[in-house]
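So you can see what is in the structure, the chains are spelled out below.
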Amino acid sequence: MVSGVDGEAGDGGREGLVARVIGWAARHPAMVLIAAAVIGVAGYRAMLSIPLDAVPDLSDTQVIVTAEWPGRSPELVEGQLTYPLSTAFLAAPKVKAVRGQSFFGVSFVYVIFEDGTDLYWARSRVLEYISEARGRLPVGVEPSLGPDATAVGWVFQYALVDRTGGQSLADLRTLQDRTLRLALESVPGVSEVASIGGFVKQYQVILDPDELVSRNIPLDRVVEAVRGSNADTGGETLEVAEHEQMVRGRGFLRTKADLEAVPVAVGEHGVPVLLSHLGEVAEVAAPRRGIGELNGEGEAVGGIVVRRYGESALDVIGRVKARLAEVERGLPAGVRIEVVYDRSEFIQQAIGTLREGLVQEMLVVS
């Protein structure tokens, strides 16, 4: 009986509170309208500024560190790169786990922080510990951070297609790396544009061991000659006829012929020994670890757009499409861009489903 009386008193108190609120609202309609307008404007602005995505980002706060050591085996990379870096990050604040993977010539270290850690704070801490660990790494190895993105940052993908056959896979890959990738990486909200497929052009020097032995030229001298020739050098300025003339040495290698003409040593009677005398210079494709294929029609070249952490996927995709439309007008004849993956379609469908559900609920409540 006592609890029943208390319950009735509680219900009466709540009803009295509701009655007072309704009475105050009826006596001050202007204040109610102003408050409703303020709440409506705030809600509209929040709707415009909220990042929109169809895939919830439940990934950990993670920073990826990569280090390349070309030509080394996974065992050597594990002992000389992955292990020193992994042990260095264990002492970083708020670090939950450190995982390392060693491959042929490259090391990946994944530093996972506690939930709620700001990504850019975590990246700055990792940079500090990289500087401390750099002294324990082999000479010439420079670790670098991965993109400031998460596991669900892959929001857009495209392919370069030339059905006329005027451009080879190597030409399309060069177009992707030197034109499209640079244009898209400057788009606000884009963290990285990863190129896939095709062939990367490179020059290979195929030396003749017999020529090296007969001329008494070690391999290290050939490497240093090529490295030293591929650079411009500065000079002085001379005044000629009241005009200042700049003296400089131009040495950037641009063609296969430039590489063949690199002097390596001085032979008999002061005759220079060129790189072409010691072997062959060939323009070939770099070794590949995989390929890109489109719709079962054969190999293709493309790019993957990764959005920056915290950015709205829908806005980033819109800006990427606008930039691609600008770049496509300047592509060679016959080359066009095909969209392979566009998350904005899923986002629009999710928004449509939410809008339909909200409208139905408002009608029911009304």
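Since the model is a prediction, treat every value here as computed from it, not as a measurement.

A. Main features of the packing of helix α3 (residues 74–89) against helix α4 (residues 119–133). Contact geometry for α3 and α4: axes closest at 9 Å, N-to-C directions at 130°. Here α3 lies oblique to α4, going by the angle between them. Here the hand of the crossing between α3 and α4 comes out right-handed. For the pair α3 and α4, contact is made by Leu85, Ala88 and Phe89 and by Val126, Tyr129, Ile130 and Ala133, respectively.

B. Broad picture of the side chain of serine 191. You can see serine 191 is positioned in strand β6 (residues 190–196). Taking the relative accessible area as the measure of exposure, serine 191 reaches 16% and is therefore buried. Those residues in contact with serine 191, other than ones at most four positions away along the chain, are Pro147, Asp148, Ala149, Val306, Arg307 and Arg308.

C. Geometry of the packing of aromatic side chains. Within this structure, the stated rule accounts for four aromatic pairs. Taking 6.3 Å as the distance between ring centres and 65° as the angle between the ring planes, the aromatic pair formed by tyrosine 120 and tyrosine 309 counts as edge-to-face. Here the residue tyrosine 120 occupies a position in helix α4, and tyrosine 309 occupies one in the loop between β13 (301–307) and α10 (313–328), the gap between them amounting to 189 residues. Residue tyrosine 309 is classed as partly exposed on the basis of its relative accessible area, which comes to 35%. Pairing tyrosine 341 with phenylalanine 346 gives two aromatic rings, centres 6.3 Å apart and planes at 35°, and the pair type is tilted.

D. Here's a closer look at the sheet that holds strand β14 (residues 335–342). What the four strands build is an open sheet, ordered β6-β13-β5-β14; its pairing is antiparallel. The outermost strands of the open sheet, each flanked by one partner alone, are β6 and β14. The mean inter-strand angle of the sheet, taken between neighbouring strand axes irrespective of direction, is 20°. As paired strands, strand β5 (residues 154–162) and β13 are joined by six bridges and run antiparallel to one another. When the sheet's bridge partners are listed, tyrosine 158 is paired in β13 with glycine 303. Set on the sheet, helix α5 (residues 169–185) makes contact with β5, β6, β13 and β14; between it and β6 the angle comes to about 180°. Across the sheet, α10 touches β5, β6, β13 and β14, and the angle it forms with β5 is around 15°.

E. Molecular detail of a negative patch on the surface. Taken together, Glu236, Glu239, Glu242 and Glu244 make up a surface patch of like negative charges. By the element assignment, glutamate 242 lies in the loop between β8 (233–240) and β9 (243–249).

Cut-offs applied
Residues numbered from 1 in each chain as written. Predicted model: local features only at pLDDT ≥ 70, side-chain atom pairs only at ≥ 80, totals over all residues. Heavy atoms only, no water. Axes fitted to C-alpha atoms, helices over the stretch in contact; angles between N-to-C directions. Helix = DSSP H or I, 4+ residues; strand = E, 2+ residues; numbered from the N terminus. Parallel < 35°, antiparallel > 145°, perpendicular 65-115°, else oblique. Left-handed = near helix turned anticlockwise from the far one by under 90°. Contact = heavy atoms within 4.5 Å. Buried < 20%, exposed > 50% of the residue type's maximum accessible area, 1.4 Å probe, protein only. Phe/Tyr/Trp six-rings, centres within 6.5 Å; stacked < 30°, edge-to-face > 60°. Pairing = 2+ DSSP bridges. Patch = residues over 30% accessible without salt bridge, like charges linked within 9 Å, V, L, I, M, F, W, Y side chains within 5 Å. Areas by Shrake-Rupley, 256 points an atom, 1.4 Å probe, with all protein chains shown as cover. Salt bridge = Lys/Arg side-chain N within 4 Å of Asp/Glu carboxyl O. Lys, Arg positive; Asp, Glu negative; His and termini not counted. Charge placed at Lys NZ, Arg CZ, Asp CG, Glu CD.

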